[in-house]
Structure formats: C-alpha cells, structure tokens
Amino acid sequence: MAASSAAGCSTSSNANDDIPTYEYIDINTKPFHVATFENLWKQTLNPKYYSIRDVHQETDEEFAEDIGIPTGTVEELKVICNPDTLRCHPENQPPDTDVVPADPGLMTLRMRKRRQDYRETLIRAQTCRQDLYAAELENLAIGKKPVDPEDLLPEGEIILSVNVLFPVITERFKHFKARQNLQVLGSQKLTDLRDAICCLSDLQVCGEFSDTPDMAPEFISKDLFKSAFLFLEGIFYNDMRYPECKDLSQTVREWAESHDMPTFQTAKMEETTFRDLKLKVGYPYLYCHQGDCEHVVLITDIRLAHRDDCLDLKLYPLLTYKHRMISRRCAVCNLYISRWMTTNDSFAPTDPCLFCDICFRMLHYDPEGKKLGDFQAFPYVDPGAFN
Amino acid sequence: MDYFIEPVKSDCEDILSRFQRTESVRYEEFAAIWRKMDFPSIFYGKMAANEMRAFSRLILTTAYPYLLPPYNFQIRVGGLYLLYGLYYTQLVAPKEKITIALKDWENIMKFQQDAMNSRHYDVCYIFRKLISEKAFYFAAMPKHLYFHVKRKPKRQEVCEEFRDRPARVKELITTETLEEIMNVQEHYEKVKAAVSTTPGQPDPAVNLINKHLGPMVQSTVMEYQNWLDEVAVRKNESGDAAAAADPGEGTSTQGDSSRRAELLASIKSKSYGHLVEASKSRRHRQVELDTSGPEIKQESTRKTIPCLQTRTMKNLISKGKVKEEVMECTRHWRLSVTEQDKSLKRRVKKRFKY
Ligand SMILES: [Zn+2]
Ligand SMILES: [Zn+2]
C-alpha cells in the first residue's frame with residue numbers, strides 16, 4: 001500500500017519533469033530540458049495548430065464533422081458567436097479609441113483616466129523615447145517574411161526570449177537597468193547569442209595613444225580577448241572557437257574546488273544549441289566576457305514559433321528591445337559624439353575632457369599631425385555606440 | 001504597466017460574476033453582458049504603440065487563469081468567452097496572442113471535452129475558432145518571467161465565489177484518513193481484547209464506538225457527494241434548456257467528479273482485507289498520531305529567505321573558508337580599477353554632470 005503510493009508519486013514526477021512548473025510562483029520555473037519540453041508540446045498538438053505556413057481556416061464542414069453535428073447547427077453557431085456580437089457601437093460609427101469614455105464603469109478606465117489627467121498637468125508631456133524606439137523595433141520584425149524562401153523558419157521551431165542585463169559600468173547606469181532583449185531559436189548555438197550581445201567593453205581600446213592617434217582603432221578588445229563563458233545550471237559553457245580562447249571559468253572552478261563546493265562541469269558554447277539546454281525560465285544566469293564584464297542573462301519565455309513572428313531565419317537572434325543610451329558629445333562642437341578622452345590637457349576646459357575625432361585632431365595636432373603640447377589621450381567609447 | 005493588474009483583475013471578476021448570476025453558459029448571455037458593460041472600451045485611451053501592446057498582453061495574461069481550475073465550469077466558460085472577446089477587440093495589429101502553458105493544456109483539453117460531452121457547442125465553437133485563428137502561443141509558462149522577487153510576495157488570490165464547489169468534506173475524508181480511521185479502530189479493538197477479562201474477546205461492556213465506523217463514514221460521504229451532484233445537475237439544467245435532456249450534463253464539473261470517482265473507486269477497492277497489510281505503515285504512525293493535513297506546509301512559504309549572496313557568504317564563513325573581512329574587499333568588480341582610479345572616478349562623476 002505504502003509502496004504503491006510512493007511509486008505512483010515518483011513515476012508522475014519523472015514523466016512530468018520536463019513540463020515547466022513554478023519553483024517560485026511568478027518568479028521562476030524548475031529546471032527542465034528544452035528539447036523534451038518542445039517535444040511534449042508537439043506530441044499533444046495537432047501540427048496545424050502551430051503551423052507557420054498553414055493559412056487554412058477551418059471550414060464549417062470540418063468543424064461539424066469533428067464534433068458530429070449537422071452543418072446547419074454550425075451555421076447557427078457562426079451567427080451566434082460571431083465576433084461582431086462583441087461590438088458595442090453601431091457598425092458605421094466607430095468610437096474614438098484615443099478617448100476614455102466619460103464616467104467609465106470599468107476600474108481600468110478610471111485608473112487610465114486618472115493617469116492621463118495627471119500627465120496632462122505636467123508642463124512637458126513626455127513621450128518616453130525608450131517606448132518609441134521599442135515600438136519601432138517591434139514593428140520592424142513582426143510577421144517579416146524572408147526574401148529567399150530557403151531562409152524561412154522551419155515548422156515547429158521554438159523561440160526563446162532572452163533578457164541580457166548590463167553591468168553598472170558608469171555612474172549613469174546606476175539609475176536604471178540597461179538591458180537588451182533578444183529572441184533566439186532553439187536550433188541556434190549559444191555562440192550565436194554571444195555574438196549578438198552588444199556590450200561596450202567589447203569595443204573598449206586599452207592604452208594611451210596621444211602620440212599615434214591613428215593606431216588606436218586596431219586594438220578593440222573584442223578582437224584581442226575572445227574568451228567568454230555562459231554559466232547555466234551548474235555548467236560553464238566556454239567559447240572556444242579560436243585558438244587563443246582560454247577557459248575563463250577555470251579560476252572559478254578551481255576556487256570552488258578548494259572551497260568544498262560541488263565541482264562544476266564545462267562544455268563548449270559553440271557545440272551547444274539552446275535546445276540541448278536544461279534550464280529554468282526566469283532564473284538569472286551569468287554571461288562573462290572580457291575577463292570580468294559580467295551580465296545577468298534570463299530566459300524569460302520559451303514557446304513554439306507563431307505565424308506572426310519574424311519568419312526570416314537570418315534575422316535571428318532578433319533584437320526586440322534595447323535600452324537607448326544618452327550620448328556624450330564633444331566639448332568643443334557639442335555636435336558629434338565623443339571619441340577621445342584627454343587628461344592633463346592644457347587645451348581642455350575640464351580634466352578629463354571629451355572630444356570628437358575632428359575637434360580632437362584640430363586642437364591637439366598641427367596640420368602635419370605633430371602632437372602639440374603635453375597631454376594623454378585615450379580612445380573613448382560612448383555608451384550610445386549601439387543605439 | 002503592473003499598476004493595471006489590480007483594476008483589470010477587478011473588471012474581469014466583475015464581468016464573470018455578472019455572468020455567474022445568469023446561471024447559464026450560453027455565449028449570447030455573455031455577449032449581452034459584455035455589450036452592456038461596454039467592455040471593449042477597456043482598450044480605449046491614448047497610449048503609445050508598445051504601451052498598447054503591453055496592455056493587451058497584460059489583460060490576456062490576467063484573464064487566462066479563469067479558464068483553469070480551481071474555478072468551476074461556468075466561470076471557466078466565462079473565462080474562455082472573456083479571452084475571446086479581449087482577443088478580438090484589442091487594438092493592436094497583429095493581435096497579441098493568448099499564452100497557454102504546457103502544464104495547463106491537459107486541463108483545457110479536458111474542459112473542451114466536457115463542453116462537448118454536455119453539448120455546449122458554443123463553447124466548443126469559440127475554442128475551435130481561437131485555435132484556427134492561431135490566437136494562442138504554446139509556451140512554457142503563461143507569462144514571461146523576469147525573476148521579479150517582491151519584498152512582500154503577494155498571495156495567489158483565487159476568487160472564492162468562482163471556485164469549484166467547495167469540496168471540504170472530500171478534502172477531509174480522503175482515502176488516507178479513512179484508512180487511518182480503520183487502522184485506529186482495529187488497533188482499538190486489539191487493545192480492548194488485550195485488556196479484557198476474557199482473553200481474545202473484547203469486553204462487551206466497553207463498547208463506545210460503532211464497529212463499522214469506517215464504512216459508515218464512507219457511505220455518508222458518498223451519499224453527500226451524490227446529493228451535491230444532483231443539485232448541480234438540476235441547477236445547470238434550469239439554466240440551460242437545450243441540454244436539459246442530456247444525461248452527460250453532470251460531467252460539467254468533470255475535473256471534480258472524476259477525482260471523486262477516483263477516490264470512491266479507491267475507497268471501494270480497499271476492503272478491510274487489504275488494510276491488514278497497512279499495519280506496517282501504522283506502526284510508525286503510532287508514535288506520531290498527529291494527522292495534520294497538508295495545509296500546514298503552505299505556512300512555511302511565508303518565511304523570509306535571505307538573498308543568495310547572503311546565504312552563500314554565510315555558508316562560506318561558517319565553513320571557515322572565507323574570513324569575514326573578505327566580504328569587504330570583493331566589492332569592486334573590475335580588475336582594472338585600483339584604489340587610485342576609484343578616487344579619480346569619483347571626481348570624474350562630479351565634473352561630468354550637466
Ligand atoms: Zn559586457
Ligand atoms: Zn567636436
């Protein structure tokens with residue numbers, strides 16, 4: 001008796017391990033295997049339900065046959081259940097949907113009205129620029145079909161929504177959470193995501209170049225330091241695509257070992273697809289590159305691709321949201337975005353001071369390119385570089 | 001956008017409770033209430049394009065749980081109609097989709113089957129229409145998860161009036177409790193026999209408890225359940241003349257009744273003969289006769305748990321691997337930042353503020 005109930009318990013938990021459930025409600029799920037989850041959906045669903053090519057609308061006859069009722073009844077149902085029954089105004093008099101009706105009964109509308117009225121009292125009606133850009137990005141990709149039919153998303157592909165947060169590198173970043181949202185496909189490699197994460201520290205140039213300003217662009221960190229890892233569910237996925245790549249996780253693993261912590265596994269980022277992963281939706285994971293630039297990475301959603309998604313394979317990983325940074329402009333012209341930062345500079349009003357490339361060169365070098373005066377110059381990468 | 005959750009929830013519950021009062025599952029009834037409340041206006045008001053989309057997503061996510069247990073069949077039908085209405089009247093193009101979680105799909109299929117068995121064809125039709133319009137996302141979870149840990153976690157509120165018939169009796173008298181009662185009874189009989197003057201025979205003077213307590217409780221519970229079902233059937237029939245003659249109507253609360261059927265079947269299968277084996281499990285129970293239900297467990301979730309960092313640090317310190325002052329020096333995260341640079345950086349900040 002006791003044995004049978006215990007057995008019942010364990011089989012049910014085994015079979016359903018890959019059906020995502022909450023670990024903490026509304027916060028994150030328990031870990032599950034992505035490919036198994038995907039297959040569970042596909043096993044239960046009629047492929048027509050999620051097909052991205054199928055434009056076939058179910059006819060009354062099909063519905064009638066499926067349910068086993070006469071077609072006449074379906075005709076009737078069609079009239080009774082028509083979406084037109086939801087309309088609350090005469091067909092030829094559409095209401096102005098920008099206006100909240102006077103004296104609304106719905107709580108939601110009362111709240112919206114309160115908020116709108118308040119917004120109008122503000123001197124400067126702010127339309128958040130972040131919102132505008134976000135809307136733009138969304139509209140760009142929705143339902144986009146590829147030019148080449150070869151690039152059409154395969155049927156039954158899954159899409160993962162990824163949220164990448166940015167570390168607080170400058171003082172300004174403290175006040176909001178800069179983030180980037182992306183959609184990746186289940187069949188894509190972890191390296192595809194890595195290459196799509198645009199982080200400033202990849203563009204950073206190290207060194208002082210006041211004597212040779214033309215040399216600077218050749219030393220972008222991304223090309224110099226190619227190692228990176230993603231840390232998910234106890235496994236370090238290292239980017240080992242290039243011979244100069246190092247296992248960045250080694251230090252951490254060795255430290256962990258010397259501190260009686262469970263040993264962590266490693267795998268190759270370029271050999272792992274998202275489908276292969278076991279993960280928790282909503283749970284913070286770590287992406288680390290440039291040695292110590294650390295990003296929190298969340299998988300916020302996994303679902304089957306939909307007809308209205310971007311259907312062009314080539315556009316994935318697809319950027320769906322990007323926080324726009326305010327750029328710092330040149331101290332001289334206040335027009336162009338800064339490219340140089342100088343210190344100990346007698347020409348500059350502040351120390352340090354930012355200049356655009358043109359002003360920097362005009363002010364600090366003679367027409368022959370000879371350095372004037374004594375100062376240090378560092379290439380500056382503006383946070384708005386990826387806007 | 002989250003500030004809209006509460007009012008949206010209250011509007012959804014408003015329309016569903018009005019629908020509940022009709023005691024019907026007919027779409028026409030729902031549509032009439034919908035129009036009377038001017039529900040599509042919930043999308044009205046000036047909003048930025050992505051704000052509009054976010055709101056559509058929010059309202060669909062908020063309405064989704066009404067399609068699922070623990071709500072009763074009628075509310076779930078209302079929930080489906082509500083999703084249908086919201087889906088078709090939202091103002092963004094292409095329309096925002098209704099996200100279905102894998103864990104809920106089986107439930108939704110069962111619900112649809114119930115509707116079909118009870119010949120609620122409008123329910124089936126609307127569900128099929130949404131499917132064929134590709135109004136659904138088949139996803140891992142009903143919403144995106146961002147690890148938003150709140151300081152005061154809000155309890156998952158279930159609207160009590162919409163709940164499936166309270167099954168307190170059923171919750172109280174489960175197979176386990178019945179078994180327990182029988183075990184205790186058996187034990188009691190043995191003890192009586194042991195202390196009796198005639199060995200092996202309980203003293204006829206000590207006869208305070210009905211010998212057939214177990215079966216008696218069982219039959220009473222079953223009788224009560226049957227009565228509840230009959231009431232439900234009659235209620236449904238009165239609200240729904242079309243399906244009145246249908247014997248399958250009782251299955252409208254299938255989830256509930258099938259669970260009950262399972263319970264009853266398992267009770268039946270456990271005759272006293274089988275229960276002798278269970279004495280093994282009883283032995284350990286003798287020590288802890290505390291039959292506290294599973295309710296108690298939920299209490300523990302309210303305990304506040306320190307954050308991961310604190311826990312890890314505590315763990316390491318307690319192991320003696322890390323000294324306490326280490327916590328101080330691991331603060332800055334860029335290897336390139338030296339103490340000198342740090343002070344410089346602070347100055348930079350002052351000057352750059354414009
Ligand atoms: Zn970075
Ligand atoms: Zn300039």
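For clarity, every value in this text was computed on a predicted model and none was experimentally measured. (Residues numbered from 1 in each chain as written. Chains lettered and ligands numbered in written order. Predicted model: local features only at pLDDT ≥ 70, side-chain atom pairs only at ≥ 80, totals over all residues. Heavy atoms only, no water.)

A. Structural detail: the coordination of the zinc ion (ligand 1). All names here are of chain A. Around the zinc ion (ligand 1), the protein contributes the donor atoms C199 (SG), H289 (NE2), C293 (SG) and H295 (NE2), which lie 1.9 to 2.2 Å from the metal centre. Coordination at the zinc ion (ligand 1) is tetrahedral, judged from the four donor atoms that bind it and the angles of 105 to 116° they form at the metal. Given a relative accessible area of 1%, C199 falls into the buried group. Judged by relative accessible area, which is 1%, H289 ranks as buried. (Donors = N, O, S within 2.8 Å, 3.2 Å for Na, K, Ca; no water. Tetrahedral: all angles 85-135°; square planar, octahedral: opposite > 155°, others 65-115°. Buried < 20%, exposed > 50% of the residue type's maximum accessible area, 1.4 Å probe, protein only.)

B. Geometry of a nonpolar patch on the surface. A contiguous nonpolar patch, built from L335(A), Y336(A), I358(A) and M362(A) and spanning about 470 Å² of accessible area, is present on the exposed surface. Along the chain, the position of I358(A) falls in helix α11 (residues 357-364). (Patch = residues over 30% accessible without salt bridge, like charges linked within 9 Å, V, L, I, M, F, W, Y side chains within 5 Å. Areas by Shrake-Rupley, 256 points an atom, 1.4 Å probe, with all protein chains shown as cover. Salt bridge = Lys/Arg side-chain N within 4 Å of Asp/Glu carboxyl O. Helix = DSSP H or I, 4+ residues; strand = E, 2+ residues; numbered from the N terminus.)

C. Geometry of the nonpolar core. Counting 111 residues, the largest nonpolar core has I302(A) and L86(B) as its most contacted members. Examining the composition of this core, we find that eleven residues originate from one element, helix α4 (residues 73-89) of chain B, more than from any other. Every residue in contact with I302(A), bar those within four places of it in the chain, is listed here: F32(A), V34(A), F37(A), I158(A), I159(A), L160(A), L279(A), V281(A), A139(B) and A140(B). (Core = buried A, V, L, I, M, F, W, Y, C linked by side-chain atoms within 4.5 Å. Contact = heavy atoms within 4.5 Å.)

D. A look at the pairing of strand β13 (residues 340-343) of chain A. In terms of strand pairing, β13(A) meets strand β14 (residues 353-355) of chain A through three bridges, oriented antiparallel. Along β14(A), the bridge assignment pairs T342(A) with C353(A). (Pairing = 2+ DSSP bridges.)

E. Expanded view of the interface of chain A and chain B. The partner chain B presents 83 residues to the 95 residues of chain A that form the contact. The junction of chain A with chain B conceals about 8300 Å² of combined surface from both sides, 64% of it contributed by carbon and sulfur atoms. On the surface where chain A and chain B come into contact, there are two salt bridges. Its residues placed into classes, the side of chain A that touches chain B shows 49 nonpolar, 20 polar and 26 charged. (Buried area = accessible area lost by both parts, 1.4 Å probe. Nonpolar A, V, L, I, M, F, W, Y, C, P; charged D, E, K, R; others polar.)

F. Inspection of the coordination of the zinc ion (ligand 2) at higher detail. All names here are of chain A. Here the zinc ion (ligand 2) is held by the protein donor atoms C330 (SG), C333 (SG), C356 (SG) and C359 (SG), which lie 2.2 to 2.4 Å from it. Coordination at the zinc ion (ligand 2) is tetrahedral, judged from the four donor atoms that bind it and the angles of 96 to 117° they form at the metal. Along the chain, the residues donating to the zinc ion (ligand 2) fall in the pattern C-x2-C-x22-C-x2-C. Of this pair, C333 sits in the loop between β12 (318-322) and β13 while C359 is found in helix α11, placing the two residues 26 residues apart along the sequence. Overall, the relative accessible area of 30% leaves C333 in the partly exposed class. A relative accessible area of 9% means that C359 is categorised as buried.

G. Layout of the side chain of T342(A). All names here are of chain A. By the secondary structure assignment, T342 is in strand β13. On the accessibility criterion, T342 (0% relative accessible area) is buried. Side chain to side chain, T342 and D345 meet in a polar contact 2.9 Å long. Contacts of T342, omitting those with residues within four sequence positions, involve A348, D351, P352, C353, F355, F360, H364, F375, Q376 and A377. (Polar contact = N/O pair within 3.5 Å; in protein donor to acceptor, adjacent residues only side chain to side chain.)

H. Examining the pairing of strand β1 (residues 98-101) of chain B more closely. Residue and element names in this part refer to chain B. Residue alternation in β1 divides its side chains into two sets, I98 and I100 and T99 and A101, and both sets are buried. When β1 meets strand β2 (residues 136-139), the two strands line up parallel, connected through four bridges. Counterpart to T99 in the pairing with β2 is Y137.

I. Inspection of the packing of aromatic side chains at higher detail. Per the counting criterion, the structure on display carries 36 aromatic pairs over all chains. Here F30(B) and W34(B) contribute two aromatic rings whose centre-to-centre distance is 6.2 Å and whose plane-to-plane angle is 35°, an arrangement assigned as tilted. Of this pair, F30(B) and W34(B) both sit in helix α2 (residues 27-36), four residues apart, roughly one helical turn. The class for W34(B) is buried, based on a relative accessible area of 0%. Ring centres of Y71(B) and F162(B) lie 6.1 Å apart, and the angle between their planes is 65°; this geometry places the pair in the edge-to-face category. Taken together, the positions of Y71(B) in the loop between α3 (49-63) and α4 and F162(B) in the loop between β2 and α7 (168-172) put the pair 91 residues apart, joining distant regions of the chain. According to the relative accessible area criterion, Y71(B) is buried, its value standing at 6%. These aromatic residues form a ring-pair network of at least three members: F19(B), Y27(B), F30(B), W34(B), F39(B), Y81(B), Y84(B), Y87(B) and Y88(B). Its end group placed over the ring of Y283(A), K280(A) keeps NZ or CZ at 4.2 Å from the ring centre. Over the face of the ring belonging to F166(A) we find K322(A), whose NZ or CZ atom lies 5.7 Å from the ring centre. (Phe/Tyr/Trp six-rings, centres within 6.5 Å; stacked < 30°, edge-to-face > 60°. Lys NZ or Arg CZ within 6 Å of the ring centre and 35° of its normal.)

J. Representation of the environment of L208(B) within the structure. When you line up the elements, L208(B) lands in the loop between α8 (175-195) and α9 (213-239). The class of L208(B) is exposed, set by a relative accessible area of 75%.

K. A look at the environment of K189(A). Looking at where K189(A) falls in the secondary structure, it is placed in the loop between β5 (179-185) and α8 (190-196). Residues in contact with K189(A), not counting those within four places in the same chain, are M269(A), E270(A), E271(A), T272(A), T273(A) and F274(A).

L. Expanded view of the sheet that holds β13(A). Residues and elements named next belong to chain A. Strands sit in the order β14-β13-β15 across an open sheet of three strands; the sheet is antiparallel. The strands lining the two open edges of the sheet, one partner per strand, are β14 and β15 (376-379). Recorded for the sheet is a direction-independent mean angle of 30° between the axes of neighbouring strands. (Axes fitted to C-alpha atoms, helices over the stretch in contact; angles between N-to-C directions.)

M. Layout of the pattern of salt bridges. Residue and element names in this part refer to chain A. Taken as a whole, this structure holds 28 salt bridges over all chains when the rule is applied. Between E155 and R53 there is a salt bridge; the shortest N-O distance is 3.4 Å. With E155 in the loop between α7 (129-141) and β4 (158-165) and R53 in the loop between α3 (47-50) and α4 (60-67), this pair connects stretches of sequence that are 102 residues apart. What makes E155 partly exposed here is its relative accessible area of 35%. One salt bridge connects R303 with D309, and the closest N-O pair in it is separated by 2.8 Å. Owing to a relative accessible area of 6%, D309 belongs among the buried residues under this scheme. Here the salt bridges share partners, and the residues they tie into one network are E38, K42, E157 and R275.

N. Region of the structure containing the side chain of D345(A). Residue and element names in this part refer to chain A. Along the chain, the position of D345 falls in the loop between β13 and β14. This buried residue, D345, is left without a salt bridge; K371 holds the nearest opposite charge, at 9.3 Å. Setting aside anything within four residues of it in sequence, one finds D345 in contact with F355, H364, D374 and F375. (Lys, Arg positive; Asp, Glu negative; His and termini not counted.)

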